[in-house]
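# Report on the structure
Okay, here's what each chain looks like letter by letter:
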Amino acid sequence: MDKRATDIVAYLTWVGLLIAFIAGDREGSRFHMNQSLVIWLAGTVLGFVSHFPLFGWIIGSVGGIFCAICWFIGIVNAIQGVEKEVPVLGQIHLL
């Protein structure tokens, strides 16, 4: 897979992220794979937090909307071929 395809596939689902990591251009797409991983992990953590009554629901809802916006920004940047960090979560580097 070329860099652009790997960047886009990384944002689609957890499975897409795994496919991008295994079969894609790992070195060229490291930036977008990291962004996607951080967004998916934040969404997963917020999913668990949202199970707590009241404050968890509020934090989970607001955080979920924020993660969805970050995901949209990330996938648009991947489609355009731009390596621009998403707000707040983009500063976290796991890969």
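## Some words on the overall build of the chain
The helix and strand tally for the chain stands at four helices and zero strands. Mapped in sequence order, the helices and strands of the chain form the string α-α-α-α. For 95 residues, the compact-globule estimate of 2.2 N^0.38 gives 12 Å, and the chain sits close to it at 14 Å. Dimensions along the principal axes, computed over C-alpha positions, put the chain at roughly 45 × 20 × 20 Å. Here the chain, with 95 residues, has 35% of them falling under the buried criterion. Once local pairs closer than 6 in sequence are excluded, the contacts in the chain between residues at least 24 apart make up 54%.

## Description of the packing of helix α1 (residues 3-12) against helix α2 (residues 14-23)
Across the interface, α1 lies against α2 with an axial gap of 5 Å and an inter-helix angle of 150 degrees. Here α2 runs roughly antiparallel to α1, going by the angle between their axes. In contact with T6, V9 and A10 of α1, α2 contributes G16, L17, I19 and A20. In the contact of α1 with α2, the residues fall into five nonpolar, two polar and no charged.

## Digging into the environment of G47
Along the polypeptide, G47 turns up in helix α3 (residues 30-49). For G47, a relative accessible area of 27% translates into the label partly exposed. Separated by 15 residues in the primary sequence, G47 and H32 have C-alpha atoms spaced 22 Å apart.

## A word on the nonpolar core
Y11, V38, I39, A42, L46, C67, C70, I75, A78, V86 and L89 form the largest nonpolar core, which has 11 residues in total. Listing elements by their share of this core, those giving two or more residues are α3 and α4 (55-80). Once residues lying within four places of it in the same chain are set aside, the contact partners of L46 are I59, G60, G63, G64 and C67.

## Focus: the packing of aromatic side chains
How two aromatic rings sit relative to each other is set out by the distance from centre to centre and by the angle between their planes. Inspection of the entire model under this criterion finds one aromatic pair. On the numbers, 6.2 Å between centres and 40 degrees between planes, the contact of W14 with W40 is tilted. With W14 in helix α2 and W40 in helix α3, this residue pair connects regions lying 26 residues apart in the sequence. A relative accessible area of 37% places W14 in the partly exposed class. On the basis of relative accessible area, W40 is assigned to the partly exposed category, the value being 24%.

## Let's talk about the pattern of salt bridges
Under the defined criterion, the tally for this structure stands at three salt bridges. Residue K3 pairs with D7 through a salt bridge whose shortest N-O separation is 2.8 Å. With K3 and D7 both in helix α1 and four residues apart, the pair spans about one turn of that helix. Taking the relative accessible area as the measure of exposure, K3 reaches 29% and is therefore partly exposed.

What counts, and where the lines are drawn
Residues numbered from 1 in each chain as written. Predicted model: local features only at pLDDT ≥ 70, side-chain atom pairs only at ≥ 80, totals over all residues. Heavy atoms only, no water. Helix = DSSP H or I, 4+ residues; strand = E, 2+ residues; numbered from the N terminus. Rg over C-alpha atoms; globule rule 2.2 N^0.38 Å. Buried < 20%, exposed > 50% of the residue type's maximum accessible area, 1.4 Å probe, protein only. Contact = heavy atoms within 4.5 Å. Axes fitted to C-alpha atoms, helices over the stretch in contact; angles between N-to-C directions. Parallel < 35°, antiparallel > 145°, perpendicular 65-115°, else oblique. Nonpolar A, V, L, I, M, F, W, Y, C, P; charged D, E, K, R; others polar. Core = buried A, V, L, I, M, F, W, Y, C linked by side-chain atoms within 4.5 Å. Phe/Tyr/Trp six-rings, centres within 6.5 Å; stacked < 30°, edge-to-face > 60°. Salt bridge = Lys/Arg side-chain N within 4 Å of Asp/Glu carboxyl O.

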